[in-house]
Amino acid sequence: MKNNVKRSLTTAICGAMILTAASCGSNTRTALTVDGKDISAGIYIYYQMAALGEAQTKLKEEQPDLDMNADGFDITAYSVEDTPVSDWVKSKAIEQCRKYVAINNKFDELGLSLSADETTEINEYVTQLWTETNMYAQYIYGVDILGDYYEKYGIGQQSFKNVYTISYKQNAIFSALYGEGGSLEVSADELKNYVTENYALAEYLEISEGYDAQEYLAMLESGKTFPEMKQAYDTAKELADIEKKMADAEANGEEYTGTKPEELTVAASEESELLRVIEKDSETPSADFVSSLFTLKNGENNVIITTEETTDDDGNQTTDYTYYVASRLDITANEEKMTECTSDALHKMKDDEYDAAITAEADALSVSENSAAMSRYTVKSLLK
């Protein structure tokens, strides 16, 4: 539920195999009512298509050898999670419609409103989809404007906007509950403890074969900054490259015309360019590296060595070593990084709780289906 409001609204539909147009008749403009609130056909179709895309993914996971692009393939002949696909998609779509209403209800209950900037951002993004030429839409769907693609399937601009806005409302609700001054506020001390236990601020440099990592560690220990140490390493590598090119030119009886060693200048990196926040469960650059990094104390430098076992076609095993010079810094002393991590940490601490609460409220809402709409907007109708 993190603040990435654009990430799934387009791809959920684009990922689904939807090949027919759907226009809304007067008696099917409302697909269902949830808690007395009308759900437009466009909103239902959006969630239905998203569910269909999810069903395709799950079916592929359950049956990896299944060719869903084969002529005559009918996904409705299959089941997902032991449920016929048509029933599974309908259930998921209605489930999302319940959550849509639950989020709107909670937003109103808390007396929240979107900021002028958020409203402008929503309006500009949706208007852009409905008015501007989109190269992705041209390449994938053969239409100039992505909004035209949505319209083909019964998802009008207002329906799309309503669904798109829900992510903004979710963020507002989350902040109102768990943020500063919220009814379920997470204290600054709790957040700080979580960040210091689960995030590390670090600078690290992979040292290539043929170079002594301990030499560069010694530079740090002698008082050089990480950018100064990296500059020395980069300079050594550049010089070695120049010397090799000069030797190759001489061996081939050619004149070397490149940069001469005495002309070489390597700029130092900015400190901010080298700072990296690494989470405890990260595997970048490797799980072993991260595990070793978290054993360092704030302000400590060290060489971290990771290994990887490889086996060739003849069954011979080789151990590859990678050397890093690394420094762990006090993340609480960096206001910018601490702010970023605190926001991320809050979601990691409370997303599951929030999602469970919204789901519980959604499940408690009454649903009344428009039978004419349900008969019209089926999985089979989307696949014709």
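Below: a short report on this structure. (Residues numbered from 1 in each chain as written. Predicted model: local features only at pLDDT ≥ 70, side-chain atom pairs only at ≥ 80, totals over all residues. Heavy atoms only, no water.)

1. A word on the overall build of the protein
The secondary structure content of the protein amounts to 15 helices and 9 strands. Expected size for 384 residues packed as a compact globule is a radius of gyration near 21 Å; at 28 Å, the protein overshoots this value by more than 25%. Taken over the C-alpha atoms alone, the protein extends approximately 85 × 55 × 45 Å along its principal axes. Every one of the 384 residues in the protein was classed for burial, and the buried ones make up 39%. Nonlocal contacts in the protein, meaning residues at least 24 apart in sequence, comprise 71% of its contacts between residues at least 6 apart. Counting only carbon and sulfur atoms, one obtains 44% of the accessible surface of the protein, whose full area is about 21,100 Å². Looking at charge distribution, the protein has the averaged site of its 32 positive side-chain charges lying 8 Å from that of its 71 negative ones. (Helix = DSSP H or I, 4+ residues; strand = E, 2+ residues; numbered from the N terminus. Rg over C-alpha atoms; globule rule 2.2 N^0.38 Å. Buried < 20%, exposed > 50% of the residue type's maximum accessible area, 1.4 Å probe, protein only. Contact = heavy atoms within 4.5 Å. Areas by Shrake-Rupley, 256 points an atom, 1.4 Å probe, with all protein chains shown as cover. Lys, Arg positive; Asp, Glu negative; His and termini not counted. Charge placed at Lys NZ, Arg CZ, Asp CG, Glu CD.)

2. Details of the pairing of strand 2 (residues 37-40)
Relative to strand 2, strand 1 (residues 30-34) runs antiparallel, the two being bridged by 4 bridges. Paired with Val34 across the two strands is Lys37, which belongs to strand 2. Here strand 1 hands over to strand 2 after 2 residues, with Asp35 in that stretch at a positive phi of 55°. (Pairing = 2+ DSSP bridges.)

3. What about the sheet that holds strand 6 (residues 276-279)?
A sheet is described by the order of its strands in space; here 4 strands give the open sequence 6-5-8-7, paired in antiparallel fashion. For this open sheet the edge positions go to strand 6 and strand 7 (301-311), each flanked by a neighbour on one side alone. On average, each strand axis in the sheet is tilted by 50° relative to the strand beside it, whichever way the strands run. The pairing of strand 7 with strand 8 (residues 317-329) spans 11 bridges and is classified as antiparallel. Following the sheet pairing, Asn302 is matched in strand 8 by Ala326. The sheet strands contacting helix 8 (residues 188-198) are strand 5 (199-207), strand 6 and strand 8, and the helix crosses strand 5 at an angle near 20°. Its contacts with the sheet put helix 9 (residues 213-221) on strand 5, strand 7 and strand 8, and the angle it makes with strand 7 is roughly 160°. (Axes fitted to C-alpha atoms, helices over the stretch in contact; angles between N-to-C directions.)

4. Here we look at the packing of helix 2 (residues 41-62) against helix 3 (residues 85-109)
With their axes 8 Å apart at the nearest point, helix 2 and helix 3 run at an angle of 130° to one another. Here helix 2 lies oblique to helix 3, going by the angle between them. Judged by the sense of rotation from one axis to the other, the crossing of helix 2 with helix 3 is right-handed. Of the residues in helix 3, those in contact with Ile43, Tyr44, Tyr47, Gln48, Ala51, Leu52, Glu54, Ala55 and Lys58 of helix 2 are Val85, Trp88, Val89, Lys90, Lys92, Ala93, Ile94, Gln96, Cys97 and Tyr100. (Parallel < 35°, antiparallel > 145°, perpendicular 65-115°, else oblique. Left-handed = near helix turned anticlockwise from the far one by under 90°.)

5. Notes on the nonpolar core
Residues Leu32, Ile39, Tyr44, Tyr47, Val89, Tyr150 and Phe160 are the most contacted members of the largest nonpolar core, which totals 73 residues. Residue contacts for Tyr44: discarding those within four places in its chain leaves Ala31, Leu32, Ile39, Lys90, Ala93, Ile94, Cys97, Met374 and Tyr377. (Core = buried A, V, L, I, M, F, W, Y, C linked by side-chain atoms within 4.5 Å.)

6. Here's the deal with the pattern of salt bridges
Evaluation of the coordinates by the stated rule reveals 13 salt bridges. Its salt-bridge partner being Asp74, residue Lys380 comes within 3.0 Å of it at the nearest N-O pair. Linking Lys380 in helix 15 (residues 379-383) with Asp74 in the loop between helix 2 and strand 3 (79-80), this pair joins segments that are 306 residues apart in sequence. Residue classification places Asp74 among the partly exposed residues on the basis of a relative accessible area of 28%. (Salt bridge = Lys/Arg side-chain N within 4 Å of Asp/Glu carboxyl O.)

7. Structural notes on the environment of Thr311
Here Thr311 shows up in strand 7. Leave out the neighbours within four places in its chain, and Thr311 touches Asn316 and Gln317.

8. Structural notes on the sheet that holds strand 9 (residues 367-369)
Taken together, 3 strands build an open sheet; the order of strands is 2-1-9 and the sheet is antiparallel. Of all the strands in the sheet, just strand 2 and strand 9 have a single pairing partner and so form its edges. Across the sheet, the axes of successive neighbouring strands diverge by a mean angle of 25°, strand direction being ignored.

9. Let's talk about helix 9
Three- or four-residue spacings in an α-helix give side chains the same orientation, since the helix completes a turn every 3.6 residues. Of all the residues in helix 9, the buried ones are Ala213, Tyr216, Leu217, Met219 and Leu220. For helix 9, the angular spread of the buried residues around the axis is 150°, confining them to a single face. Taken together, the buried residues of helix 9 touch strand 5, helix 10 (226-251), strand 7 and strand 8. One or two positions beyond helix 9, positive phi appears at Gly223, with a value near 115°. (Arc of directions from axis to C-beta.)

10. Here's the deal with the pairing of strand 1
The pairing of strand 1 with strand 9 spans 3 bridges and is classified as antiparallel. Paired with Thr33 across the two strands is Ser368, which belongs to strand 9.

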